[in-house]
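# Summary of the model geometry
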Amino acid sequence: MIKHIVMWRLKDTAEGASKEENAGKMKEMLEALPAVIPEIEHLEVGMNGIESPAAYDVALYSAFASFEALDTYQKHPEHEKCKEFIGKIVSERAVVDYEI
């Protein structure tokens with residue numbers, strides 16, 4: 001099992017919308033992916049609830065059967081659409097992929 005965890009800090013405004021609006025759109029887009037990408041075994045998106053200098057705004061936790069399945073997900077056209085939007089609204093990103 002591969003766990004894929006990503007955290008983002010969002011710009012205060014981007015694409016004509018506030019951080020909160022963009023976080024909501026991002027969450028909707030990511031949560032729609034399991035319906036079209038069968039390699040996703042589990043996916044959840046969380047939005048930060050406690051402000052702090054160390055906090056990120058949005059976190060993604062997802063799970064895949066193998067690194068190959070994760071690679072297929074990352075190259076999927078619907079994931080690419082998410083990445084394009086997310087790239088426009090984030091200021092920082094952190095990621096870890098590990099096998100259990």
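Sequence order as written defines the numbering, with residues in each chain counted from 1. Confidence filtering applies because this is a predicted model: local features only for residues at pLDDT of at least 70, side-chain atom pairs given and counted only at 80 or more, and all residues used for totals across whole chains, interfaces and linings. To get the side-chain values, all heavy atoms of the structure are used, and hydrogens and water are removed first.

### Some words on the packing of helix 2 (residues 67-75) against helix 3 (residues 77-89)
The N-to-C vectors of helix 2 and helix 3 enclose an angle of 65 degrees; their axes lie 5 Å apart at closest approach. In contact with Tyr73, Gln74 and Lys75 of helix 2, helix 3 contributes Pro77, His79, Glu80 and Lys83. Each residue receives one of three labels: charged for Asp, Glu, Lys and Arg, nonpolar for Ala, Val, Leu, Ile, Met, Phe, Trp, Tyr, Cys and Pro, and polar for the others, Gly being one of them. The class makeup of the residues in the contact of helix 2 with helix 3 is two nonpolar, two polar and three charged. Orientation is described by axes fitted as lines to C-alpha atoms, over the contacting stretch for helices, and by angles from 0 to 180 degrees between their N-to-C directions. Going along the chain from the N terminus, every DSSP run of H or I of four or more residues is numbered as a helix, and every run of E of two or more is numbered as a strand. When checking whether two residues touch, look at their non-hydrogen atoms; a contact exists if any pair is within 4.5 Å.

### Examining the pairing of strand 1 (residues 2-10)
Between any two strands, pairing holds if DSSP finds at least two bridges. In the sheet, strand 1 pairs with strand 5 (residues 58-64) via seven bridges, with the strands oriented antiparallel. In the sheet register, histidine 4 faces strand 5, and the bridge partner there is serine 62. Note: strand 1 against strand 6 (residues 90-99), nine bridges, orientation antiparallel. Looking across to strand 6, one finds that leucine 10 is bridged to valine 90.

### Here's the deal with the nonpolar core
The set of buried Ala, Val, Leu, Ile, Met, Phe, Trp, Tyr and Cys residues whose side-chain atoms join them within 4.5 Å is what this entry labels a nonpolar core. To sort residues, take the accessible area from a 1.4 Å probe on protein chains only and compare it with the maximum for the residue type: under 20% means buried, over 50% means exposed, and anything in between is partly exposed. In this structure, Trp8, Leu10, Met26, Leu30, Tyr73 and Ile86 are the most contacted members of the largest nonpolar core, which totals 24 residues. Contact partners of leucine 10, with chain neighbours within four places excluded, come to Lys19, Asn22, Ala23, Met26, Asp57, Val58, Ile89, Val90 and Ser91.

### What to know about the pattern of salt bridges
The salt bridge definition used is simple: a Lys or Arg side-chain nitrogen within 4 Å of an Asp or Glu carboxyl oxygen. This structure, assessed with the given rule, holds eight salt bridges. Put simply, aspartate 57 and lysine 19 hold a salt bridge, and the shortest N to O gap is 3.6 Å. Taken together, the residues span a long stretch of sequence, with aspartate 57 in the loop between strand 4 (42-47) and strand 5 and lysine 19 in helix 1 (residues 19-32) at a distance of 38 residues. When sorted by exposure, aspartate 57 lands in the same class as lysine 19, which is buried. One network of salt bridges, with partners in common, ties together Asp12, Lys19 and Asp57.

### Structural notes on the packing of aromatic side chains
In this analysis, rings of Phe, Tyr and Trp, with Trp reduced to its six-membered ring, are considered paired at centre separations within 6.5 Å, and the interplanar angle assigns stacked below 30 degrees, edge-to-face beyond 60, and tilted for intermediate values. Taken as a whole, this structure holds one aromatic pair when the rule is applied. A cation over a ring is seen here: arginine 9 above tyrosine 56, with NZ or CZ 3.9 Å from the ring centre. Criterion for a charge above a ring: Arg CZ or Lys NZ at most 6 Å from the ring centre, at most 35 degrees from the ring normal.

### Considerations on unusual backbone geometry
For glutamate 15, which is not glycine, the phi dihedral falls at a positive 55 degrees. Relative to the helices and strands, glutamate 15 is located in the loop between strand 2 (13-14) and strand 3 (17-18). Since its relative accessible area comes to 51%, glutamate 15 is described here as exposed.

Everything listed here is a matter of coordinates, which is why it stays silent on function.
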